[in-house]
Amino acid sequence: MSTAAPQTQTAAGRTLAHPAREEIRLEAVLHALADPMRLAVVREMAAARSAELSCSHFDLPVTKSTSTHHFRVLRESGVIEQVYRGTTKLNGLRRDDLDALFPGLLDSVLAAADRQADRLGDGSDS
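Residues numbered from 1 in each chain as written. Predicted model: local features only at pLDDT ≥ 70, side-chain atom pairs only at ≥ 80, totals over all residues. Heavy atoms only, no water.

What the largest pocket holds in volume is close to 280 Å³. In terms of lining, the largest pocket is formed by 16 residues, of which the most central are Cys 55, Lys 64, Ser 67, Thr 68 and Phe 71. Going through the elements one at a time, helix H3 (64–77) and strand E5 (88–93) are the ones with two or more residues in the lining of the largest pocket. Take the lining of the largest pocket: its biggest share by element is six residues, from H3. Residue composition of the lining of the largest pocket, grouped by class: five nonpolar, seven polar and four charged. (1 Å grid on protein atoms, 1.4 Å probe; cavity = no way out; pocket = protein on both sides within 12 Å on 5 of 7 lines; lining within 4 Å. Points joined across faces, edges and corners; volume = space filled by probe spheres on them. Helix = DSSP H or I, 4+ residues; strand = E, 2+ residues; numbered from the N terminus. Nonpolar A, V, L, I, M, F, W, Y, C, P; charged D, E, K, R; others polar.)

Okay, helix H2 (residues 36–47) next. The periodicity of an α-helix, 3.6 residues per turn, causes residues three or four places apart in sequence to face the same way. Spanning twelve residues, H2 covers 16 Å between terminal C-alpha atoms, matching the ideal 16 Å at 1.5 Å per step. Buried within H2 are the following residues: Met 37, Arg 38, Leu 39, Val 41, Val 42, Arg 43 and Met 45. Packed against the buried residues of H2 are helix H1 (26–34), strand E3 (53–54), H3, strand E4 (80–85), E5 and helix H5 (105–120). The opening residue of H2, the one whose side-chain oxygen lies 2.9 Å from the backbone nitrogen of Met 37, is Asp 35. (Expected span 1.5 Å × (residues − 1). Buried < 20%, exposed > 50% of the residue type's maximum accessible area, 1.4 Å probe, protein only. Contact = heavy atoms within 4.5 Å. Polar contact = N/O pair within 3.5 Å; in protein donor to acceptor, adjacent residues only side chain to side chain.)

This is the structure in structure tokens:
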């Protein structure tokens, strides 16, 4: 996925707000990654072979509205970019932007999450 513009115009005229790279703030990224459900989504995206995954790809044990909230927090914090392809909303990790702004942060968080999952045996490993 490319560096996100502040808004992405969809085919149906809907816009999705994304912070530009220079607007991404560390505290917003850390807040987004602090939630176990959102961290699980990011871990799955980081491990995926595809650069973009649909929202329906994720099997989250929450209601649709809660899932929508989690994706919105990830998008508005600058962790992911969401774009529409037809009627499907695709999600891509903004790894290039995060690595440029906070070198090593995403890799460190993902490695720590993997170690925690191994240590606790909580089944959250991707």
